[in-house]
Amino acid sequence: MKMRNKEAVKKLLGLLKDYRKIIALIIACLLISTGLNMCIPLLNRGIMDYGFIGGDKELLIKQVICSLLIYMIIAVIDIIKEKKRVDISANIQYSLSEQSFKHLMKIKADYFTNRNYAEILNNINVDIGNMTSIADEGVFFVVTQAFSMVGGIIGLFILDYRMTLMVLLFIPVKAVIMKHFAKKRKRIMDEFITESEKYAGWFGDTVGGVREVKLFGMLENKRAEFADRQLSVINKQKKMNMLAQWNGITDNIIVHLLTSLIYIIGANLVFDMQLSVGSVFAFITYSAYVTGPISAILNIGYLLSGIIPSTKRYYEFMALEEEKENEEGMTEPCFGDLELQNLSFSYEKDKAVLSDINIAFPKGSKTVLIGRNGSGKSTLISLLLQLYQPTGGKITLNGIDISEFVLREYRNMVSVVSQEIYLFNSSIRDNICMYKNIDDKTIMEACKDSGLADFISEVSLDYVVGQNGAMLSGGQKQKIALARALVHNSPVIIFDEATSNTDVYSEHQINGLLHTKLKEKTVIIITHKQEILKEADQIIMLKDGVVVGSGVYDHLSKDNLEFKNMLKMGEKY
Ligand code: ADP
C-alpha cells in the first residue's frame with residue numbers, strides 16, 4: 001500500500017501533536033528572541049549616526065551596553081528553547097523506535113523471509129533518523145520567521161519604501177529556485193533510501209555467510225560486490241551533500257546580490273542626502289530579516305523532501321499486518337484432538353505447497369510425518385504454530401478452528417524440538433526457561449531426560465551459549481530444545497527432524513520418553529529413523545504436499561513401496 005505525500009506530511013505533523021505545550025513554549029522563546037533581535041539594527045543605527053558621526057559618546061556607550069544586554073538575554077532564552085527542543089526530538093525518536101520494535105515482534109512471519117536483520121535495522125534507523133529531524137531547530141524556527149519577516153518589512157518601510165519594494169521583488173525569484181532544489185532532493189533521497197536498503201541487505205547476507213566466504217575463497221568476489229554497492233550508496237550521499245551545498249551557495253549569492261544592490265542604491269540615496277549612513281546599514285540588517293525567513297520558509301519544502309520518503313517507508317512498514325493480539329472474543333484453547341481438515345497452503349500464488357491434507361492427531365497420540373525434502377513437512381508445522389494461515393481448509397483443536405484461540409495461549413500449548421531453534425546469547429538456564437520462573441531442580445530433571453545432564457555437569461547451567469548457540473553442537477542445541485519443551489510442559493510436542501543429529505543413545509532416550517514423560521502428550525515427529533517409526537501410533541507419508549499413505553510401521557513396511565523408498569532416502573540423511 002503506497003502512501004501519498006500529503007498523508008506522510010500529516011503523519012509527520014502528528015508526531016508533534018503530543019508536544020503542543022512544549023512547542024508553544026519553544027515558539028514563545030523564539031518569538032521573544034526574534035523580537036529582541038529586531039531592536040539591534042535600530043540601536044546600531046543610533047551608535048553610527050549619533051555616536052560615531054554625531055559625537056555623542058555617552059549615548060554611544062549606553063547603546064552598546066544595551067546591545068550587549070539584549071544579546072545576553074537572547075542567549076539565555078536560546079538555551080532554554082534548545083533544551084526543550086532536544087527533549088522533543090529524543091522523545092519522538094524513542095517512541096518511533098519503540099513502536100517499530102513492538103510492531104516488528106508481532107509482524108507476520110513472511111516479512112522475514114526475504115529480509116535479514118541488517119536490512120531491517122538499517123531501514124528502521126535511517127527512517128527514524130530522518131523523521132526525527134521534524135523536530136530540528138530549522139522546523140520550529142520557520143514558525144517564528146513570519147513574525148521576523150513582518151518586523152523586518154516594517155523596519156524596511158520605516159527606513160525607505162523604494163528599496164523595500166526591491167527587496168520584496170526577490171521573493172518569487174527565490175521561491176522558484178528553492179522549489180527546484182526540493183524536487184531534486186526528494187528524488188535523490190528516494191534513490192539513497194533504496195540503495196542503502198539494498199546495501200544493508202547485501203551486508204547482512206554476506207556477514208551471515210562469512211564462513212562460506214572463507215571456505216570457498218569468495219573474498220575477492222565479495223570485495224568487488226562491496227565496492228559496487230557501497231559506492232552507489234556513497235555516491236547518492238555525495239550527491240545529497242553537494243545539493244545541500246548548492247542550495248546554501250545559491251541562497252548566499254542571492255542574498256549578497258541583494259545586499260550589493262542595496263549598497264549601490266543606498267549610496268546614491270546617501271549622496272543625494274535622502275538617507276543617513278546608519279540607515280543604509282540598518283536597512284541591510286533588516287533586509288536580512290526578510291530574506292532569511294524567506295529562505296527558511298521555502299526551505300521547509302526542502303527539509304520535508306528529505307524526510308517524506310522515509311516517513312512513507314516507515315508507515316508502510318507499520319501498516320504491515322500483525323499477528324492478531326486482541327484477546328477479546330477469542331476462545332481459551334483446551335487440550336484435545338488436533339485435526340487438519342482439507343488443509344491447503346501456498347507461499348506464492350498458484351504454487352501449492354500443501355494440498356487438501358486431512359490428518360487427525362488424537363489427544364495423546366504419537367504421529368510420525370515422513371517425506372522427502374520439500375514435501376511440505378516444515379510448512380505443515382509452521383501452520384500448526386500459526387506462523388502462517390492456511391490458504392484453504394482449517395486446523396482444529398477440540399473441534400474449534402485454532403485461529404479462534406488466543407494466539408499466545410495456543411502457542412503456549414505447542415513446543416517444537418528442533419536443531420534449528422534459536423538460542424539467545426545467554427545462559428543455558430535462560431534458554432531453557434525463556435523468562436518463565438522455573439526452579440533449578442525442575443530444569444535439571446528436564447536436562448536429565450533430554451540427555452543434556454552430562455554436558456551441564458561439565459559447564460553448569462550458567463554456561464553462556466554464544467550467538468545462536470554458536471558454542472554448542474547441533475545435538476546439544478537440540479537437547480536444550482527438548483529440555484525447554486519438557487519444562488514448559490506443553491501438551492503438544494513437535495520434533496522436527498528430532499533425532500537427525502543426536503546419537504543412538506538419545507534416540508533410545510526419546511523413545512523412552514514417548515512412553516513416560518510424553519505419554520499423555522500429543523507428539524508429532526518428523527523423522528526417518530526406524531526405531532521411532534516403529535513406536536508411532538500412525539505414520540503419515542507426505543509427497544509433494546499431498547498425503548500419499550498412512551498407517552502403522554508393520555503394515556506400511558510390508559507392502560508399501562513408496563514407504564520403503566522413503567525409508568531408503570532417509571537412511572542417507
Ligand atoms: P520439508 O520440510 O518437507 O523439507 P518445506 O515445508 O520446508 O519441506 O518446503 C515445502 C516447499 O515449500 C518447498 O518446495 C520449498 O521450496 C517451499 N518453501 C518453503 N518455505 C518457503 C517460503 N518461506 N517461501 C516460499 N516457498 C517456501
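Given the structure is predicted, the values throughout are model-derived calculations rather than measurements.

Conventions and cut-offs
Note that residues are indexed from 1 along each chain, following the sequence as it is written. With pLDDT at 70 or above as the cut-off, local features in this predicted model cover only qualifying residues; side-chain atom pairs require 80 or more to be listed or tallied, and sums for whole chains, interfaces and linings still use all residues. Values reported for side chains reflect all heavy atoms of the structure, with hydrogen atoms and water molecules removed beforehand. In this scheme, strands are said to pair when DSSP sees at least two bridges between them. Helix and strand labels come from DSSP, where a helix needs a run of H or I of at least four residues and a strand needs a run of E of at least two; each type is numbered from the N terminus. Think of each axis as a best-fit line through the C-alpha atoms, taken over the contacting stretch in the case of a helix, with angles from 0 to 180 degrees between the N-to-C directions. It only takes one pair of heavy atoms within 4.5 Å for two residues to be counted as in contact. Expected span of a helix: the number of residues minus one, times 1.5 Å. One heavy atom within 4 Å of a molecule or strand makes the whole residue count as near it. For the purposes of these results, a polar contact is taken to be a pair of N or O atoms within 3.5 Å, where, inside protein, one atom must be able to donate a hydrogen and its partner to accept one; residues adjacent in sequence count only when each atom of the pair is a side-chain atom. Under the convention used here, a 1.4 Å probe and the Shrake-Rupley method define accessible areas, while residue burial counts only the protein chains that appear. Burial here depends on accessible area, computed with a 1.4 Å probe over protein chains only, as a share of the maximum for the residue type. Under 20% is buried, over 50% is exposed, and the range in between is partly exposed. For the purposes of this section, nonpolar cores are sets of buried Ala, Val, Leu, Ile, Met, Phe, Trp, Tyr and Cys residues that join through side-chain atoms within 4.5 Å. For the purposes of this analysis, a disulfide is any pair of cysteine sulfur atoms at a distance within 2.5 Å. Each aromatic pair joins two rings of Phe, Tyr and Trp (for Trp, the six-membered one) with centres within 6.5 Å, and gets the label stacked for planes under 30 degrees apart, edge-to-face for over 60, and tilted for any other angle. Two thresholds decide whether a charge sits over a ring: the Lys NZ or Arg CZ must be within 6 Å of the ring centre and within 35 degrees of the ring normal. Salt-bridge detection follows one rule: a side-chain nitrogen of Lys or Arg within 4 Å of a carboxyl oxygen of Asp or Glu. When describing relative orientation, an angle under 35 degrees is termed roughly parallel and one over 145 degrees roughly antiparallel, while 65 to 115 degrees is termed roughly perpendicular and anything else oblique. We call a crossing left-handed when the near helix sits turned anticlockwise from the far one by less than a right angle, and right-handed when that turn is clockwise. Lys, Arg, Asp and Glu make up the charged group, whereas Ala, Val, Leu, Ile, Met, Phe, Trp, Tyr, Cys and Pro make up the nonpolar group; the residues left over, Gly among them, are polar.

Asks: What's the story with the sheet that holds strand 9 (residues 538-543) in this structure? I'm lost.
Replies: As a general point, the strands of a sheet are linked pairwise by backbone hydrogen bonds and lie either parallel or antiparallel. In spatial order, the strands read 6-7-8-3-9-10; together these 6 strands make up an open sheet with mixed pairing. Looking at which strands have only one partner, the edges of the open sheet turn out to be strand 6 (414-418) and strand 10 (546-551). Strand-to-strand, the axes of this sheet are offset by a mean angle of 20°, without reference to chain direction. Both strand 3 (residues 366-370) and strand 8 (residues 522-526) contribute to a ladder of 4 bridges, which runs parallel. When the bridges of strand 8 are listed, threonine 367 appears paired with isoleucine 524. Sheet strands touched by helix 15 (residues 474-488): strand 6 and strand 7 (492-496). Its angle to strand 6, the strand with the most contacts, is close to 165°.

Asks: What is the right way to look at helix 2 (residues 20-53) in this model?
Replies: Along an α-helix, a turn takes 3.6 residues, which lines up residues three or four apart on a common side. Across its 34 residues, helix 2 extends 49 Å between first and last C-alpha, which sits within 8% of the 50 Å expected from 1.5 Å per residue. One or two residues past the end of helix 2 sits glycine 55, with phi positive at roughly 80°.

Asks: I keep staring at the site of the ligand and nothing clicks. Help me out?
Replies: Neighbouring residues of the ligand: 13 residues in total, closest Gly374, Gly376, Lys377, Ser378 and Thr379. Measuring from a nitrogen atom of the ligand, one finds a side-chain N or O atom of tyrosine 347 at 3.5 Å. One of the side-chain N or O atoms of serine 378 is found 2.6 Å from an oxygen atom in the ligand. In isolation the ligand exposes 560 Å². Once the protein is present, 64% of that is buried.

Asks: Whenever I open this one, helix 10 (residues 377-384) confuses me. Can you help?
Replies: Within helix 10, 7 of the 8 residues are buried, leaving the element largely enclosed by the surrounding structure. For helix 10, the complete set of buried residues consists of Lys377, Thr379, Leu380, Ile381, Ser382, Leu383 and Leu384.

Asks: Explanation requested: the environment of histidine 555 in the structure shown.
Replies: Summarising the element assignment, histidine 555 is placed in helix 18 (residues 553-559). Through-space distance from the C-alpha of histidine 555 to that of glutamate 195 is 59 Å; in sequence the pair is 360 residues apart.

Asks: When you look at the nonpolar core in this model, what are you seeing that I'm missing?
Replies: Burial of nonpolar side chains together is a common tendency in soluble globular proteins. Ile428, Ile432, Phe495, Ile539 and Phe563 are the most contacted members of the largest nonpolar core, which has 43 residues in total. In terms of residue count, the dominant contributor to this core is helix 15 (7 residues). Setting aside chain neighbours within four positions, we find phenylalanine 563 in contact with Ile370, Leu533, Ile539, Met541, Tyr553, Leu556 and Ser557.

Asks: Which parts of the structure should I look at to understand the state of the cysteines?
Replies: Linking two cysteines covalently via their sulfur atoms produces the bond known as a disulfide. Under the defined criterion, the tally for this structure stands at 0 disulfides. Here cysteine 66 is not disulfide-linked; the sulfur of cysteine 39 is the nearest cysteine sulfur, at 8.1 Å. The thiol of cysteine 447 is not disulfide-bonded; the next cysteine sulfur, from cysteine 433, is found 9.2 Å away.

Asks: Just to check I follow, could you spell out the side chain of glutamine 386 for this structure?
Replies: Within the element layout of this structure, glutamine 386 appears in the loop between helix 10 and strand 4 (392-397). Classification of glutamine 386 as buried rests on a relative accessible area of 3%. If near-sequence neighbours (up to four positions away) are discounted, glutamine 386 is found in contact with Glu323, Lys324, Ile402, Ser403, Leu407, Tyr410 and Arg411.

Asks: Help me understand unusual backbone geometry, please; the structure alone is not making it clear to me.
Replies: Among all residues except glycine, the phi angle is most often negative; among peptide bonds, the trans geometry is most common. Positive phi outside glycine occurs at asparagine 398, with the angle close to 55°. Among the residues examined, asparagine 398 registers a relative accessible area of 40% and is labelled partly exposed. Even without being glycine, serine 460 reaches a positive phi, approximately 80°. Assignment of secondary structure puts serine 460 in the loop between helix 14 (453-459) and helix 15.

Asks: I would appreciate a short explanation of the packing of aromatic side chains in the present structure.
Replies: Two numbers describe a pair of aromatic rings. These are the distance of the centres and the angle of the planes. All told, the structure shown has 15 aromatic pairs when counted by the stated rule. Relative to phenylalanine 563, the ring of tyrosine 553 lies with its centre 6.0 Å away and its plane at 75°, an arrangement referred to as edge-to-face. Residue tyrosine 553 is found in helix 18, and its partner phenylalanine 563 is found in helix 19 (residues 561-571); the two are separated by 10 residues along the sequence. Its relative accessible area of 11% is what places tyrosine 553 among the buried residues. Following the ring pairs from residue to residue traces out a cluster consisting of Tyr199, Trp202, Phe203 and Phe226. Sitting over the face of the ring of tyrosine 315, lysine 11 holds its NZ or CZ atom 4.9 Å from the ring centroid.

Asks: Is there a simple way to think about the pattern of salt bridges in this case?
Replies: Between side chains of opposite charge, a pair can form as their charged atoms come close. Under the definition given, this model contains 23 salt bridges. Where glutamate 212 meets arginine 211, a salt bridge forms, and the shortest distance between an N and an O atom there is 3.6 Å. Taking relative accessible area as the criterion, arginine 211 reaches 55% and is therefore assigned exposed. Glutamate 445 is paired through a salt bridge with lysine 517; the nearest N and O atoms lie 3.4 Å apart. Here glutamate 445, found in helix 13 (residues 440-450), pairs with lysine 517, found in the loop between helix 16 (504-515) and strand 8; they are 72 residues apart in sequence, far enough to count as distant. For lysine 517, a relative accessible area of 39% puts it in the partly exposed group. One network of salt bridges, in which partners are shared, links Lys81, Glu82 and Arg85.

Asks: Is there a simple way to think about the packing of helix 5 (residues 137-159) against helix 9 (residues 277-318) in this case?
Replies: Helix packing for two helices is described by the angle between their axes and how far apart those axes are. Where helix 5 meets helix 9, the axes come as close as 8 Å, and the angle between the chain directions of the two elements is 150°. Looking at the two axes, helix 5 sits roughly antiparallel to helix 9. The crossing of helix 5 and helix 9 is left-handed. Taken together, the residues that form the contact of helix 5 with helix 9 break down as 18 nonpolar, 7 polar and no charged.

Asks: Would you take a moment to explain the sheet that holds strand 5 (residues 400-401) for this structure?
Replies: Pairing is antiparallel in the open sheet, where 4 strands are placed in the order 2-1-4-5. At either margin of the open sheet sits one strand with a lone partner, and together these are strand 2 (352-361) and strand 5. Pairing between strand 1 (residues 338-346) and strand 4: 5 bridges, direction antiparallel. When the bridges of strand 4 are listed, serine 344 appears paired with glycine 392.

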